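# Analysis of the macromolecular model
Listed here are the chains, written in short residue letters.
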Amino acid sequence: MRMIGWLLLALTSSQAMAQACIVHSQAERLDVQVCQQNRNIPQKLFADGFCQPSLPGQKVDVQYVDQCPGGAFGICSNAQVANMPYHQDIHYYGVATDAAYLKPFCEGKSQGTWLKP
C-alpha cells in the first residue's frame, strides 16, 4: 500500500514539472515574450498567480503549455521566486541583446543559472 502512495506522489510531482505558461506582453514600442516552466510551485498558485501578471498599459496574452517551446535566446534555470521557497525556469524569447541585463538578474537576484540553448 505504501508503494502505491509513493507512486501517486511521484506522478503528482512530475505533473507539476510539466506545467508552463507563455506570457506575451505588448505596448507601444514593447513586445516581450517569456515562458515560465514550473519546478515546484503549487499548480493552482502557478496558474492563477505566476501566469497572470498585472502589467498596466500592456496587452497581455497567456497561453498554457506542457513545456516551454524551443527558440529561446536564454533560460534562467532554477530561478528562485523572491522571498518564497519556489523555483521555476524562465525562457526568454525575442531580442538576444536583452541577455546583457537578464543574465546578471538571473544569477544574482534569482539565484538561477543562465543557460544559452
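Residues numbered from 1 in each chain as written. Predicted model: local features only at pLDDT ≥ 70, side-chain atom pairs only at ≥ 80, totals over all residues. Heavy atoms only, no water.

Per an unreviewed UniProt entry, the protein chain goes by the name NADH:ubiquinone oxidoreductase and belongs to Pseudomonas canavaninivorans.

## Some details on the side chain of Ser-110
Inspection of the secondary structure puts Ser-110 in the loop between helix 3 (99-107) and strand 6 (113-115). Judged by relative accessible area, Ser-110 falls into the buried class, the value being 8%. Residues within four places of Ser-110 in sequence aside, it is in contact with Cys-76, Asn-78, Ala-79, Gln-80 and Phe-105. (Helix = DSSP H or I, 4+ residues; strand = E, 2+ residues; numbered from the N terminus. Buried < 20%, exposed > 50% of the residue type's maximum accessible area, 1.4 Å probe, protein only. Contact = heavy atoms within 4.5 Å.)

## Considerations on the sheet that holds strand 6
Here we have 6 strands laid out as an open sheet, ordered 3-1-2-5-4-6, and antiparallel in their pairing. The open sheet is flanked by strand 3 (59-65) and strand 6, the only strands paired with a single partner. With direction set aside, neighbouring strand axes in the sheet form an average angle of 20°. Helix 2 (residues 43-50) contacts strand 1 (20-27), strand 2 (30-38), strand 3 and strand 5 (87-93) of the sheet and is inclined by roughly 175° relative to strand 2. In the packing of helix 3 onto the sheet, the strands contacted are strand 4 (74-80), strand 5 and strand 6, and the crossing angle to strand 6 comes to about 145°. (Pairing = 2+ DSSP bridges. Axes fitted to C-alpha atoms, helices over the stretch in contact; angles between N-to-C directions.)

## Comments concerning the state of the cysteines
As used in these notes, a disulfide is a covalent bond between sulfur atoms, one from each of two cysteines. With the rule as written, the count across this model stands at 3 disulfides. Between the sulfur of Cys-21 and that of Cys-51 lies a disulfide, 2.0 Å long from S to S. Negative torsions about the S-S bond denote left-handed disulfides, and the value of about -90° found for Cys-21 with Cys-51 makes this one left-handed. A residue pair is termed long-range when its members are at least 10 positions apart, and Cys-21 in strand 1 and Cys-51 in the loop between helix 2 and strand 3 qualify at 30 residues. Sulfur-sulfur distance for the disulfide between Cys-76 and Cys-106 comes to 2.1 Å. (Disulfide = S-S within 2.5 Å.)

## Structural notes on the environment of Ile-22
Along the polypeptide, Ile-22 turns up in strand 1. For Ile-22 and Val-34, which are 12 residues apart along the polypeptide, the C-alpha to C-alpha distance reads 5.8 Å. With residues up to four places along the chain from it excluded, the contact list for Ile-22 reads Gln-33, Val-34, Cys-35, Asp-61, Val-62, Gln-63, Val-65 and Pro-69.

## Some details on the pairing of strand 1
Looking at chain direction, strand 1 and strand 2 are connected through 8 bridges and run antiparallel. Among the inter-strand pairings, Ser-25 is bridged to a residue of strand 2, identified as Val-32. Remark: 2 residues form the turn of the hairpin made by strand 1 and strand 2, two consecutive strands paired antiparallel; Arg-29 in that turn has positive phi of roughly 65°. Sheet analysis places strand 1 next to strand 3, joined by 7 bridges and oriented antiparallel. Note on strand 3: the bridge partner recorded for Ile-22 is Gln-63.

## Things to note about the packing of aromatic side chains
Applying the stated rule across the entire model yields 3 aromatic pairs. Relative to Phe-50, the ring of Phe-46 has its centre 6.3 Å away and its plane inclined at 20°; by these criteria the two rings are stacked. In this pair, Phe-46 and Phe-50 are both assigned in helix 2, 4 residues apart and thus about one turn of the helix distant. The exposure class of Phe-46 is buried, given its relative accessible area of 0%. A residue is classified by how much of its surface remains accessible, and Phe-50, at 18% relative accessible area, is buried. The interplanar angle of 35° and the centroid separation of 6.4 Å between the aromatic rings of Phe-73 and Tyr-92 together place this pair among those described as tilted. With Phe-73 in the loop between strand 3 and strand 4 and Tyr-92 in strand 5, the pair connects residues that are 19 residues apart, well separated along the chain. We note that Phe-73, like Tyr-92, is buried. (Phe/Tyr/Trp six-rings, centres within 6.5 Å; stacked < 30°, edge-to-face > 60°.)

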